[in-house]
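Single-letter residue listing:
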Amino acid sequence: MTTDQYVGLEVNGEWRNCATSARTSLADFLRDQLGLTGTHLGCEHGVCGACTVLLNGTPIRSCIMLAAQAEGQSVTTIEGLSGPRGELNAVQDAFCETHALQCGFCTPGMVLAVQALIDSNPTPSTEDIDEAIGGNICRCTGYVQIREAVATVVAGIAEEDKVSTS
Amino acid sequence: MTTIDEQAPDMTVTQESVASGVHDEPGHRYLSQPGRIREDRRFVTGSGCYVADITPPGTLQVGLVTSPHPHARIVSIDTEEALKIPGVVAVVTGAELAAETNPLRQYLDVPEVQWRPLAVESTRYAGEWIAAVVADSRAIAEDGAEVVVVDYEPLPFVMDPEHAAQDEAPLVHPSHGTNVMAQRRFVWGDVDADRARAGRSTTVTTRWNRNSTVPLETFGAVAQWDQHRDVLDVWASIQMPQFPDQVAEALRIPSNSVRVHFDVDVGGSYGVKRGIKHGVLAGFLARRLGVPVKLIEDRSENMHGGDFHGPDRLFEVELWYTADGEFTTIRIDVLDDEGAYPGRSPLQLAKPIGAIVGPYRIPSAAYNATAVTTNKTGQVAVRGFGQSPTNYAIEAAVDAVARDLGVDRLELRRRNFIGPDEFPYRIPSGTEYDSGDYPGVLDKAIEISDLTSLLAERDDLRAQGRLAGIGFAACLEYQGTASFRERDDVAHRAVIDARGREQKGSGSANALITAELKPAEGGTLVDVATELNVSGRAAQFGRSLLAEVSNTMVDEFVRRLEVMIGGGDDSPSVSGPEPSAGGSGSGVTGSAALAQDDLDVVRTIALPMLRKGLPAIAAALIAGLIGMVVGRRQRRVAGPGRIPVTYVLPYPEGRERASFLP
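Residues numbered from 1 in each chain as written. Chains lettered and ligands numbered in written order. Predicted model: local features only at pLDDT ≥ 70, side-chain atom pairs only at ≥ 80, totals over all residues. Heavy atoms only, no water.

Considering the overall build of chain B
The condition that has to hold: Here a strand is any run of E in DSSP of at least two residues, a helix any run of H or I of at least four, and the numbering for each starts at the N terminus. Here the term buried applies to any residue with accessible area under 20% of the maximum for its type, exposed to any over 50%, and partly exposed to those in between, with areas from a 1.4 Å probe on protein chains only. A contact between two residues is defined here by any heavy atoms of the two lying within 4.5 Å. The protein chains shown are the only cover counted for residues, whose accessible areas, like all others here, come from Shrake-Rupley with a 1.4 Å probe.
In terms of regular secondary structure, chain B is built from 16 helices and 25 strands. Buried residues in chain B amount to 58% of all 662 residues. For chain B, the proportion of contacts with a sequence separation of at least 24, taken over those separated by at least 6, is 78%. Looking at chain B as shown, the accessible area adds up to about 26800 Å², and 49% of this sits on carbon and sulfur atoms.

Spelled out as C-alpha cells, the structure:
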C-alpha cells in the first residue's frame, strides 16, 4: 500500500525522477511532489475536467491516472504553457481578453483542453470546439466566453497564416 | 455580544482625486478604458493560490469518518485499528472536541440545539462527521477513517418538513421538545374585510426544492497555531465576514487570536462557502497537535455533509380577488426545511416582509413562517436565498387566478400593478415603495423578449408534439433606496440620496451623490462627487479598502454611463427620468436584475458584505441618471471624471439580528 517506487517522466520539458507510492494519482504526484498546484482537483473521479493535463499532447484526467502509468512519457501542465517570465501564450491570452473565466478553478484544465485542440486542429469548427471542451465543467461563466476565447485564438492563427504566406 | 473587532473609529478622509494609470492628468483621470481583470493572469497560468495549494511545512492532513445513518445513537467508537496504521497521528471524536470547544453559532435562541463539527452522542443526518483522522497524508488519513469502527443504534428519523412539523414526528433534537425552530404569524391590514369584499379566492401550493450550486472547488481549511504568539492562522475557501469571530468563539480564544487570510483564491462559492465547522475542526486539531492541519473535503464529503444544500420551502398562497380580478388580500404560509441544524438559515424567512405583496396593489396581507429541522444536511445560503422562492410562490398564485377568471395573465398583472402615479406607496407590511413604472418594465420585457415570436415558436413546438411553455414573473425585492434631493434637467445636475443595506442586515451603506454632466471637448465631462457613509461590520475593513471599493463603484457607474451615451441608436429607450424604476427599492425584476448582476463592484473577497450592499446604490445611481443622460445623447464620451470622495465612518450599528425572530 505504501510501497514507494521511482517514476521517471518528462514534465513541462524537464526530466523528473521521483519516489512515490504505487497508488499515487498523477494529479497528487504533480501537486504534492512536484509542487505544480495549477492542476486542480474538483471531483477526483474523472468527471469535472479540472485536473486535465496533456500526456504526450493529448488531454487526460490526471485524477484517475496513476503517476506510475506516466512512466517514460511526457506531461504538460498549465505551468508549462507560459513563457519563462510568465508571458501568456495565445490561448491564455485569449482567455484573459474575452473574460473566459471568473473564479479560475476550472481554467487550467479548460486552457489545456483548448491548447490540445488548437495543436491538433488549427481550424476547428464550432462542433469541434464544443467537443474539445465538453469534458470540462465550468460553474461560473456559462461557457459562452470560453467559446469566444477559442474563436479568438483560431482567428489569430488564421491572421498569422495570412501574414506568413503573403 | 459585541466584539472589539466590530468597532471602527470615526474616520473622515477627503480625497481630491485618485490618480493611477498612464492616462492620468493632474486632478483628473480617464475612466472606462477597456481593461482586463487583474487576477485572470494568475489563473490562466496556474498560479492562483487556492486553499488546497497552501501547505505549510509539517502539515498533517485530515480524513473524516462520516455517518451512514440519518439518525442514530453513537454507542461506541473504536479507533484502535486506525491508530495502528503507520502515518496516522491522531483520531479525535466528538466527545473530545466538545469537551474543549463551544457549540457552533446558531442564530436562533435554541440552547438545546447544539451544533458541533463532530457529532456528540447521536448523529442527525447521513454524512455528518463522527470522527477526524489526522495523518501524514490524505490517503493515509482515509485509510484510517475506513477502519474506525462506530457502533450505531439507529433511531427514527424524519425527512419530510411537513411531517416534521407535526406533533407525532420523530424529534431531531429530542431535548428541544419540537422540530419547530421558529414560528411567526403576521397580519397587516383588515384581512377579514378584504376577504369579504373579494368574494372569491384561489389557493396554490408550491415548493422551492432543495438544490445546490456546486462550486467546482470543494471547501477546505488550513490552520496553524503559533503558541508563542497565541495566534491561530487560518486559510480557508471562505466568503463569510463573520468567520474569524465564530471560529474564535467556538475555540474559546479571543477573536484577535484568530488571523484569517482573506487573500486565498476561492474556486467558486455561489453562497455556500461558509465552512465554520471546517475552520473550527482544523483550528482545534492544529492547536492540540501543535502542527499545521489541513482539511480539504473530497467531493463526496462536500455533497453529503458539507455546506452544500439550499433551502427547501413549501408555500401555500391564498389570493383573494373580485370578479374583476382586483386583488384584495393575500395569505402566504411558508414552511422552511433547515436540515438538522438551522444555523442562520431561518433568518431568511424574514426577508419577504419588506416586499410581501410584490409589485401588486394588495391592501392587506397575512404571513405565517415556520422553520423546522429534519434529519438532513443543514441548509446554507445557496443562491436564490433571498426572495426568489417567495416570488415564485406569489407568481404561481397570480397565474392560478388568471386561469380561474379566464383573464390573460399579463392583463391581470397590469390590472393589479401599483400604478406609476401611486408612488410613494406604502405596502401593508410597512415598506414604502418610493417610485416605479411596473407596466413600463413589463412592456419593455415583452419588447426585448419579442414575445410574439416566442409564442409562435412555442406553438410550433407544440404542433410537433413537444412540450413547451412560457412563464411570466413580475417580482420585486428590497435592495435599497435612492431619491433625488435635487434635480436640474437643464443644467444636467442631480443630487441623489442612495441607501443600501447589506442583505443580511449587518451593515448599511448610504451615499449622497452629486452628479453633473458638462460639455467638454470631444465628449461630456462626467463629474461625480460621492459622500459615502458605511456602518456596521463593513466599517471595520478600514478606509483604504472602502476607498478602493468606492472608486470601483464610481468607475463602474461612469463606465455604464458612457455605454449609454456612446451607444448611439442602441441607447435604451427610456423616456424621461426614472429615479429608480428597476434599479432600487421599487423596481420590477428584469431591469433590477440587470442592474445588479452586471455590476462587479467589489472584486476583493475581503468585502463580501459591501459586495452586497453597494451594488444597490450603484444600481440606483445608474437608474437615476439614465433620463438625464439619454437627453444628452452624444456619439462618444471619454471625458475625464473628477472624483472628490469623502468618507465618513461612524461607529457600527448593532450586531446581525433579525427583528422577525422571537
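Considerations on the overall build of chain A
Selection rule: For the radius of gyration, the atoms used are the C-alpha atoms, and the globule rule reads 2.2 Å times the number of residues raised to 0.38.
Assigned secondary structure in chain A consists of 5 helices and 5 strands. Listing every helix and strand of chain A by position from the N terminus yields β-β-α-β-β-β-α-α-α-α. Here chain A has a C-alpha radius of gyration of 16 Å; the compact-globule value for 166 residues is 15 Å, and the two agree. Its C-alpha atoms give chain A principal-axis dimensions of roughly 55 × 35 × 30 Å. The buried share of chain A, taken over its 166 residues, is 48%.

Regarding the sheet that holds strand β6 (residues 122-123) of chain B
Let me state the cut-off plainly: At least two DSSP bridges between two strands are required for those strands to pair.
Spatially, β6-β4-β8 (chain B) is the arrangement adopted by the 3 strands of the open sheet, whose pairing is antiparallel. Of all the strands in the sheet, just β6 and β8 (149-154) of chain B have a single pairing partner and so form its edges.

Thoughts on the domain arrangement of chain A
All names here are of chain A. Under the convention used in this document: For the domain bounds, the source is a domain assignment made automatically or taken from a database. Buried area adds together the accessible area that both of two parts lose upon being put together, with accessible area traced by a 1.4 Å probe. Distance and chemistry together define a polar contact, namely a pair of N or O atoms within 3.5 Å, with one atom able to donate a hydrogen and the other to accept it when in protein, and with adjacent residues in sequence counting only for side-chain atoms on both sides.
Annotation of chain A at the domain level lists domain 1 (4-80) and domain 2 (90-165). Taking only C-alpha atoms, the centre of domain 1 and the centre of domain 2 are 22 Å apart. The interface of domain 1 with domain 2 comprises 17 residues on the first partner and 11 residues on the second. When the two sides are added together, the surface that domain 1 and domain 2 hide from each other amounts to roughly 1100 Å², 66% of it contributed by carbon and sulfur. One can count 4 residue pairs in polar contact (both at pLDDT 80 or more) joining domain 1 with domain 2. Within the residue set of the side of domain 1 that touches domain 2, elements represented by two or more residues are β3 (52-55) and β4 (58-61).

Notes on the nonpolar core
The following threshold applies: We define a nonpolar core as any set of buried Ala, Val, Leu, Ile, Met, Phe, Trp, Tyr and Cys residues linked to one another through side-chain atoms lying within 4.5 Å.
Core analysis: the biggest nonpolar cluster contains 102 residues, and F243, L281, L285, F327, I330, Y367 and Y433 of chain B have the highest contact counts within it. Ranked by residue count, the leading element in this core is helix α10 (residues 388-405) of chain B, at 9 residues. Both domains that furnish three or more residues to this core are identified here as domain 1 (51-157 + 217-305) and domain 2 (176-212 + 309-464) of chain B. When residues no more than four places from it in sequence are discounted, the contact partners of I330 of chain B are V317, E318, L319, V357, I362, S364, A365, A366 and I394 of chain B. I78, A94, V111 and C140 of chain A belong to the second-largest nonpolar core, a separate cluster that totals 37 residues.

Side note on the confidence of the model for chain B
Residue and element names in this part refer to chain B. Under the convention used in this document: By definition, pLDDT measures how confident the predictor is in each residue, and it falls between 0 and 100.
In this model, chain B carries a mean pLDDT of 78, and residues with pLDDT of at least 70 account for 68%. Between residues 502-506, whose pLDDT stays under 50, and residues either more than four places distant or in other chains, the model counts 17 contacts. This prediction of the complex comes with two scores: 0.77 for pTM and 0.96 for ipTM.

Thoughts on the pattern of salt bridges
Applicable threshold: Salt bridge, as used here: a side-chain nitrogen of Lys or Arg that lies within 4 Å of a carboxyl oxygen of Asp or Glu.
By the definition in use, this model includes 34 salt bridges over all chains. Among the ionic pairs, R36 of chain B bridges to E97 of chain A, the shortest N-O distance being 2.8 Å. Taken together, the residues span two chains, with R36 of chain B in the loop between β2 (29-30) and α1 (40-44) and E97 of chain A in helix α2 (residues 90-97). As a salt-bridge pair, K162 of chain A and E159 of chain A come within 3.8 Å of each other at their nearest N and O atoms. With a gap of 3 residues between them, K162 of chain A and E159 of chain A both fall in helix α5 (residues 144-165), about one helical turn apart.

Thoughts on empty space enclosed by the protein
All names here are of chain B. Put simply, the rule reads: A pocket, in this scheme, is an open set of points on a 1 Å grid over the protein atoms alone with protein on both sides within 12 Å along at least 5 of 7 lines, while a cavity is a set where a 1.4 Å probe fits but cannot get out; residues line either one if an atom lies within 4 Å of a point. Grid points are joined across faces, edges and corners, and a volume is the space filled by probe spheres set on the points. Residue type decides the class: Asp, Glu, Lys and Arg count as charged, Ala, Val, Leu, Ile, Met, Phe, Trp, Tyr, Cys and Pro as nonpolar, and the leftover types, Gly among them, as polar.
Enumeration according to the criterion identifies 7 cavities of 30 Å³ or more in this entry. Here the largest cavity is characterised by a volume of approximately 230 Å³. Lining the largest cavity are 23 residues, and of these W115, D307, G343, Q379 and V380 lie nearest its centre. Grouping the constituent residues of the lining of the largest cavity by class yields 9 nonpolar, 9 polar and 5 charged. Each of two domains, domain 1 (51-157 + 217-305) and domain 2 (176-212 + 309-464), supplies a minimum of three residues to the lining of the largest cavity.

A few points about the UniProt feature "domain: Aldehyde oxidase/xanthine dehydrogenase a/b hammerhead" (unreviewed entry) in chain B
Quick note on the threshold: UniProt positions are given in the numbering used here, feature names are shortened, and annotations may be inferred rather than shown by experiment.
The UniProt record annotates "domain: Aldehyde oxidase/xanthine dehydrogenase a/b hammerhead" (unreviewed entry) at residues 45-156 of chain B. Structurally, residues 45-156 of chain B comprises 20% helix and 31% strand, and the distance from its first C-alpha atom to its last is 52 Å.

Some points on helix α7 (residues 243-251) of chain B
All names here are of chain B. Burial runs high along α7: 8 of the 9 residues are buried. Taken together, the buried positions of α7 are occupied by F243, P244, D245, Q246, V247, A248, A250 and L251. Those residues of α7 that are buried lie in contact with β12 (231-236), β13 (258-261) and α8 (276-289). A positive backbone phi angle near 60° is found at R252, which sits one or two residues after α7.

Some details on the layout of surface pockets
Taken as a whole, the second largest pocket encloses approximately 1300 Å³ of empty space. Surrounding the second largest pocket, 45 residues form its lining, D28 and D32 of chain A together with S137, R138 and A139 of chain B being those nearest its centre. Examining the composition of the lining of the second largest pocket, we find that 6 residues originate from one element, helix α4 (residues 138-147) of chain B, more than from any other. The residue makeup of the lining of the second largest pocket, split by class, is 14 nonpolar, 14 polar and 17 charged.

Looking at the interface of chain A and chain B
Across the boundary between the two partners, chain A contributes 33 residues, which contact 27 residues of chain B. Taken together, both faces of the contact between chain A and chain B bury some 2400 Å²; the carbon and sulfur share is 56%. Our count for the contact surface shared by chain A and chain B stands at 4 salt bridges. Counting across the chain A and chain B interface gives 13 residue pairs in polar contact (both at pLDDT 80 or more). When contributions to the side of chain A that touches chain B are tallied by element, the ones reaching two or more residues are α2 and α3 (107-120) of chain A. Top contributing element to the side of chain A that touches chain B by residue count: α2 of chain A, with 5 residues. Across the side of chain A that touches chain B, the residue classes tally to 15 nonpolar, 11 polar and 7 charged.

Some thoughts on the packing of α10 of chain B against helix α11 (residues 409-416) of chain B
Residues and elements named next belong to chain B. Worth spelling out the cut-off: Note on definitions: angles span 0 to 180 degrees between N-to-C directions of axes, and those axes are lines fitted to C-alpha atoms, for helices only across the stretch in contact. Angles below 35 degrees are treated as roughly parallel, those above 145 as roughly antiparallel, those between 65 and 115 as roughly perpendicular, and all remaining angles as oblique. Crossing chirality is assigned from the near helix's rotation relative to the far helix, an anticlockwise turn below a right angle marking it left-handed and a clockwise turn marking it right-handed.
One way to put it is that α10 packs onto α11 with a least axis distance of 9 Å and a crossing angle of 110°. The angle between α10 and α11 falls in the class roughly perpendicular. Crossing of α10 against α11: the hand is right-handed. For the pair α10 and α11, contact is made by E395, V398, D399, V401, A402 and L405 and by R409, L412 and R413, respectively. For the contact of α10 with α11, the per-class residue count stands at 5 nonpolar, no polar and 4 charged.

A word on the pairing of β3 of chain A
Residue and element names in this part refer to chain A. In β3, alternate side chains face the same way, and those of T52 and L54 on one face and V53 and L55 on the other are all buried. For β3 and β4, the ladder comprises 4 bridges, and the chain directions are antiparallel. Residue pairing for β4: V53 is matched across the bridge by I60. What sits between β3 and β4 in their antiparallel hairpin is a turn of 2 residues, with N56 showing a positive phi close to 50°. Of the strand pairs in this sheet, β3 and strand β5 (residues 74-76) are connected by 2 bridges, and their pairing is antiparallel. Paired with L54 across the strands is T76, a residue of β5.

Re the environment of A22 of chain A
Residues and elements named next belong to chain A. Structurally, the position occupied by A22 is in the loop between β2 (14-21) and α1 (26-33). With a relative accessible area of 35%, A22 lands in the partly exposed category. C-alpha of A22 to C-alpha of A68: the two residues are 46 residues apart in sequence and 6.5 Å apart in space. Once residues lying within four places of it in the same chain are set aside, the contact partners of A22 are T3, Q5 and L66.

Digging into the side chain of H278 of chain B
Residues and elements named next belong to chain B. Note on placement: H278 falls in helix α8. Judged by relative accessible area, H278 falls into the buried class, the value being 0%. Not counting chain neighbours up to four residues away, the residues in contact with H278 comprise W129, F219, A221, L295, E297 and D307.

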